[in-house]
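Residue-level structure breakdown
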Amino acid sequence: MENIEELKKELTGSIESASDLKSLEEVRVALLGKKGRITEMMKNLASLSPEEKKEMGRGLNILKSEAEAALESRKEKLAAAELNAKLEKEKVDVTLPVRPECQGRIHPVSKIYEEVVAIFGEMGFEVAEGPDIEDQFHNFNALNMPANHPARQMQDTFYIPNLESDNFDDSYVVRTHTSPVQIRTMENKRPPIRVVAPGRTYRSDYDATHTPMFHQIEGLVIDKTTTMAHLKGCLYDFVKAFFELDDIPVRYRPSYFPFTEPSAEMDIGCLKTKTELKIGAGTDWLEILGCGMVHPNVLRAGGIDPDEYQGFAFGLGLDRLAMLKYGIPDLRTFFESDVRWLKHYGFVPLDESSMTGGLSNNGGLAR
Ligand code: DAH
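Here's what I pulled together on the structure shown here.

Reading the values: the criteria
As a convention, each chain's residues are numbered from 1 in the sequence order in which they are written. The predicted nature of this model means local features are confined to residues of pLDDT at least 70 and side-chain atom pairs, given and counted, to a pLDDT of 80 or more, with totals for whole chains, interfaces and linings taken over all residues. With hydrogens and water set aside, each side-chain value is computed from the structure's full complement of heavy atoms. Counting from the N terminus, the helices are DSSP H or I runs at least four residues long and the strands are E runs at least two residues long. Values of the radius of gyration come from C-alpha atoms, whereas the globule rule sets the reference at 2.2 Å times the count of residues to the power 0.38. Whether two residues are in contact is decided by their heavy atoms, any of which lying within 4.5 Å being enough. Each accessible area value is a Shrake-Rupley result obtained with a 1.4 Å probe; residue values ignore everything except the protein chains displayed when judging cover. His residues and chain termini do not enter the charge count, which takes Lys and Arg as positive and Asp and Glu as negative. For this purpose, a charge sits on NZ of Lys, CZ of Arg, CG of Asp or CD of Glu. Stacked, edge-to-face and tilted labels apply to pairs of Phe, Tyr and Trp rings (six-membered ring for Trp) whose centres lie within 6.5 Å, assigned for plane angles under 30 degrees, over 60, and everything in between, in that order. The criterion for a charge sitting over a ring is simple: Lys NZ or Arg CZ within 6 Å of the ring centre, and within 35 degrees of the ring normal. At least two bridges found by DSSP between two strands is the condition for calling them paired. Any residue with a non-hydrogen atom lying within 4 Å of a molecule or strand is treated as near it. In the analysis that follows, any N or O atom pair within 3.5 Å is treated as a polar contact, provided that within protein one partner can donate a hydrogen and the other can accept it, and provided that, for residues neighboring in sequence, both atoms belong to side chains. Residue polarity is assigned by list, with Asp, Glu, Lys and Arg as charged and Ala, Val, Leu, Ile, Met, Phe, Trp, Tyr, Cys and Pro as nonpolar; anything else, Gly included, falls into the polar class. What makes a nonpolar core is a set of buried Ala, Val, Leu, Ile, Met, Phe, Trp, Tyr and Cys residues whose side-chain atoms join them at distances within 4.5 Å. Only protein chains enter the accessibility calculation, which uses a 1.4 Å probe; a residue whose area is less than 20% of its type maximum is buried, one above 50% is exposed, and one in between is partly exposed. Axis lines are fitted through C-alpha atoms, for helices just across the contact stretch, and the angle between N-to-C directions can take any value from 0 to 180 degrees. Here the angle decides the label: under 35 degrees means roughly parallel, over 145 means roughly antiparallel, 65 to 115 means roughly perpendicular, and every other value means oblique. Whenever a carboxyl oxygen of Asp or Glu lies within 4 Å of a side-chain nitrogen of Lys or Arg, that contact is scored as a salt bridge. One less than the residue count of a helix, multiplied by 1.5 Å, gives the span that helix is expected to have. The reported arc concerns the directions from the helix axis to the C-beta atoms and nothing else.

**What to know about the overall build of the protein**
Secondary structure assignment for the protein yields eleven helices and eleven strands. For 367 residues, the compact-globule estimate of 2.2 N^0.38 gives 21 Å, and the C-alpha radius of gyration of the protein, at 36 Å, exceeds that figure by more than 25%. Dimensions of the protein, computed from the C-alpha atoms along their principal axes, are close to 110 × 50 × 40 Å. Sequence separation of at least 24 residues holds for 64% of the intrachain contacts in the protein that already meet a minimum separation of 6. Surface exposure of the protein reaches about 20,600 Å², of which carbon and sulfur atoms provide 53%. Averaging the positions of the 44 positive and the 58 negative side-chain charges in the protein gives two centres separated by 4 Å.

Right, dumping it as structure tokens:
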């Protein structure tokens, strides 16, 4: 049998001199593993006389727990040192400028989306969502456009067959506008309601100002005393904030949408010349959105009692807003995925839109 004191000195030395976790583990196995020295000595106890066994056994038990404690504390030290060395090596200087090879740009539509949501968010609107593939109930019927309603023909709809039904009325559509989100919101939320619903919309149309997929944002406000005056004030504040002008002439022209009564279109004052479009000045008018008071039939379809509640809605094209605000002449180029175009019209990723920090913050234009 080895002398326990000697052994203790020796093993303390080898634990302390282990310089990394791997060699420490080797030391542990050599001592306490299945064939380790302490393990072997414990096995050999059986061959000793009862007296010797008792004394040696006690000594070995103490040695074993001392060895375990020493291994544990060395392990903690080595692990901390290894972690520190790793952290030191992987240090990142977050104050360094963005790498020059960073080519990513925010698409103008994403930028407009952020700007519009920032403005309405500041006014207390929440963002609502709905599916791109809709049923005809939400896209048409519930919006006061029953089957064969002439207004359905105003929208060149893409239909998607419903494989479970031969009835055409059961076929799905890719939503032709964001207005179905009005219905989905009413189905899931009790008034007061104040939401905007930005998203993709689809129609079979293609020229310089139309693409089969485009973007709209819908607005819906419902409460007990909401009036057309609130609609006008809200949208006036919106266009001023959006075009970043202190004042801007606006007018409302009577119009027709099946889901609002009365309905209107909002125009903003501008100056059109052969080469330029200047917003906020001049004698010309530019239509920018459709709006109106929510039709009682629409409230009813959404499960809201029109004798108790009323509200307004509006809808506008985000791509058109981007074309106007950033002077982009052809809508089709938005979706051609041409990196040169994106470099010219896109925005630097870190330039966020907010009402306090600035919306478009022209310094952020990647030009
Ligand atoms: N959904 C209409 C369209 O796509 C736009 C619209 C007009 C939405 C008037 C509205 C509204 O909410 O009140 O042409």
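**Concerning the packing of aromatic side chains**
For the structure shown, the criterion picks out twelve aromatic pairs. Taken together, the ring pairs in this structure connect Phe120, Phe125, Phe238, Phe242, Phe243, Phe312 and Phe314 into an aromatic cluster. Positioned above the aromatic ring of Phe242 is the side chain of Lys325, whose terminal nitrogen or guanidinium carbon lies 4.5 Å from the ring centre. Between the NZ or CZ atom of Arg332 and the centre of the ring of Tyr206, over which it lies, the distance is 5.6 Å.

**Comments concerning the sheet that holds strand S3 (residues 159-160)**
Taken in spatial order, the three strands make up an open sheet running S2-S4-S3, and their pairing is antiparallel. Each of the sheet's edge strands pairs with one partner strand only, and the pair in question is strand S2 (133-135) and S3.

**Here we look at the site of the ligand**
Taken together, 15 residues sit near the ligand, with His177, Ser179, Arg203, Gln216 and Glu218 positioned nearest. Take Arg203: an N or O atom from its side chain is 2.8 Å from an oxygen atom of the ligand. The side chain of Glu218 places a nitrogen or oxygen atom 2.6 Å from an oxygen atom of the ligand. Burial of the ligand by the protein amounts to 90% of the accessible area it has alone, namely 360 Å². Of all elements in the fold, only strand S6 (213-223), strand S10 (284-294) and strand S11 (310-317) reach the threshold of two or more residues within the shell around the ligand. Partitioning the shell around the ligand into residue classes produces five nonpolar, eight polar and two charged.

**A look at the nonpolar core**
One finds Val116, Phe238, Phe243, Phe314 and Leu321 to be the most contacted residues of the largest nonpolar core, which totals 45 residues. Secondary structure elements with two or more residues in this core: helix H5 (108-122), S6, helix H8 (228-243), strand S8 (260-272), S10, S11, helix H10 (318-326) and helix H11 (339-345). Take this core: its biggest share by element is eight residues, from H8. Setting aside anything within four residues of it in sequence, one finds Phe238 in contact with Val116, Ile119, Phe120, Met123, Leu316 and Leu321. Counting 23 residues, the second largest nonpolar core, distinct from the first, contains Ala142, Met145, Val181 and Ile193.

**Considering the packing of H5 against H10**
Their axes nearest at 9 Å, the elements H5 and H10 cross at an angle of 100°. Considered as vectors, H5 and H10 are oriented roughly perpendicular to each other. Seen from H5, the contacting residues are Pro108, Val109, Lys111, Ile112, Tyr113, Glu115 and Val116; seen from H10, they are Leu318, Asp319, Leu321, Ala322, Lys325 and Tyr326. Residue composition of the contact of H5 with H10, grouped by class: nine nonpolar, no polar and four charged.

**Here we look at the pattern of salt bridges**
Here the structure, examined in full by the defined rule, presents 17 salt bridges. The residue Lys91 makes a salt bridge to Glu88 at a minimum N-O spacing of 3.8 Å. Across the pair, Glu88 and Lys91 agree in class, each one exposed. Linked through salt bridges whose partners overlap, the residues forming this network are Arg251, Arg253, Glu265 and Asp267.

**Structural notes on helix H1 (residues 4-17)**
Taking 1.5 Å per residue as the helical rise, H1 with its 14 residues ought to reach 20 Å, and the 20 Å between its terminal C-alpha atoms agrees with that figure. Taken as a whole, H1 has its buried residues at Ile4, Leu7, Leu11 and Ile15. An end-on view of H1 places all buried positions within 65° of arc, on one side of the element. Away from the buried face of H1 by more than 90 degrees, exposed residues Glu5, Glu6, Lys9 and Ser17 are located. Turning to H1, the residues buried within the fold contact helix H2 (21-32), helix H3 (37-44) and helix H4 (50-89).

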